[in-house]
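Breakdown of the fold
This is what each chain is made of:
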Amino acid sequence: MSLIRKRGVSCVFAVFLLGGSVAWGGDPAVLKPRVPPDRIEEARTWRNPFPVTPERLERGKKLFHGKGFCVTCHGRDGKGLGNIPGLRGKLPRNFTDPQWQDARTDGELFWILQNGSPGTDMASFIPLVLTEEEAWHVLLYVRAFGGT
Ligand code: HEC
């Protein structure tokens, strides 16, 4: 009897440790996929067709600050501004968070640029603001905030 109880306790402890490590250091809600379940499998197969080079990063940076105006919500440091007048719903993502960078594929980020993030003020940018080619370039820059 006492053996069974001991096992029970260590099981609970193991589950606690696992759960703790998944959420460690970050808000789990931020890591929750933004692409709807029926679209995410396809989106995860998309790859950025433009390998990163200093020139392409520079182009992405220009789009982030200029034509795409991403900087107005995501900030110069990519950490996301918290005081945007009139912004509804969730705050802009912190692009420097390594857990968030790891949790997303390029395809998912591209899907968000095409469709927006449902239920938030992250709007769709393709095709009205950015071409697909420009969007892939701006995503190279978004990835650079994660140090890659
Ligand atoms: C009006 C403010 C605003 C602008 C402008 C904006 N964003 Fe966002 N963005 C947001 C908000 C708010 C979120 C958080 C949405 C969420 O939590 O799902 C977000 C989320 C994102 C995400 C992450 C979604 C995820 O999977 O976690 C990416 C990538 C992104 N934005 C890229 C961009 C790029 C690139 C631009 C410029 C072309 C841009 N955003 C312009 C407000 C903005």
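Residues numbered from 1 in each chain as written. Predicted model: local features only at pLDDT ≥ 70, side-chain atom pairs only at ≥ 80, totals over all residues. Heavy atoms only, no water.

**A word on the overall build of the protein**
In terms of helices and strands, the protein carries eight helices and zero strands. In the protein, the succession of helices and strands from N to C terminus is α-α-α-α-α-α-α-α. Each of the 148 residues in the protein was classed as buried or not, and the buried ones make up 32%. Taking the contacts inside the protein whose residues are at least 6 apart along the sequence as the reference set, 62% of them involve residues at least 24 apart. (Helix = DSSP H or I, 4+ residues; strand = E, 2+ residues; numbered from the N terminus. Buried < 20%, exposed > 50% of the residue type's maximum accessible area, 1.4 Å probe, protein only. Contact = heavy atoms within 4.5 Å.)

**Quick look at the site of the ligand**
The local shell around the ligand holds 23 residues, among which Arg34, Cys70, Cys73, His74 and Met122 are the closest. For the ligand, an oxygen atom lies 2.8 Å from a polar atom in the side chain of Arg93. Within the contact set of the ligand, an oxygen atom lies 2.5 Å away from a side-chain nitrogen or oxygen of Ser117. Sorting the residues of the shell around the ligand by element identifies α5 (71-74) and α7 (106-115) as the ones contributing at least two each. Per-element tally for the shell around the ligand: the top contributor is α5, with three residues. Of the residues contributing to the shell around the ligand, the split by class is 13 nonpolar, five polar and five charged. (Near = heavy atom within 4 Å. Polar contact = N/O pair within 3.5 Å; in protein donor to acceptor, adjacent residues only side chain to side chain. Nonpolar A, V, L, I, M, F, W, Y, C, P; charged D, E, K, R; others polar.)

**Description of the confidence of the model for the protein**
For the protein, mean pLDDT is 84; residues scoring 70 or higher make up 80% of the total. Note that residues 8-25 has pLDDT below 50 and, in this model, four contacts with residues that lie over four places away or in other chains. (pLDDT = per-residue confidence, 0-100.)

**Quick notes on the pattern of salt bridges**
Oppositely charged side chains can pair when the atoms bearing their charge come close. Taken as a whole and assessed by the stated rule, the structure comprises four salt bridges. Between Arg44 and Glu108 there is a salt bridge whose closest N-O contact spans 3.2 Å. Linking Arg44 in the loop between α3 (37-43) and α4 (54-65) with Glu108 in helix α7, this pair joins segments that are 64 residues apart in sequence. Judged by its relative accessible area of 37%, Arg44 is partly exposed. (Salt bridge = Lys/Arg side-chain N within 4 Å of Asp/Glu carboxyl O.)

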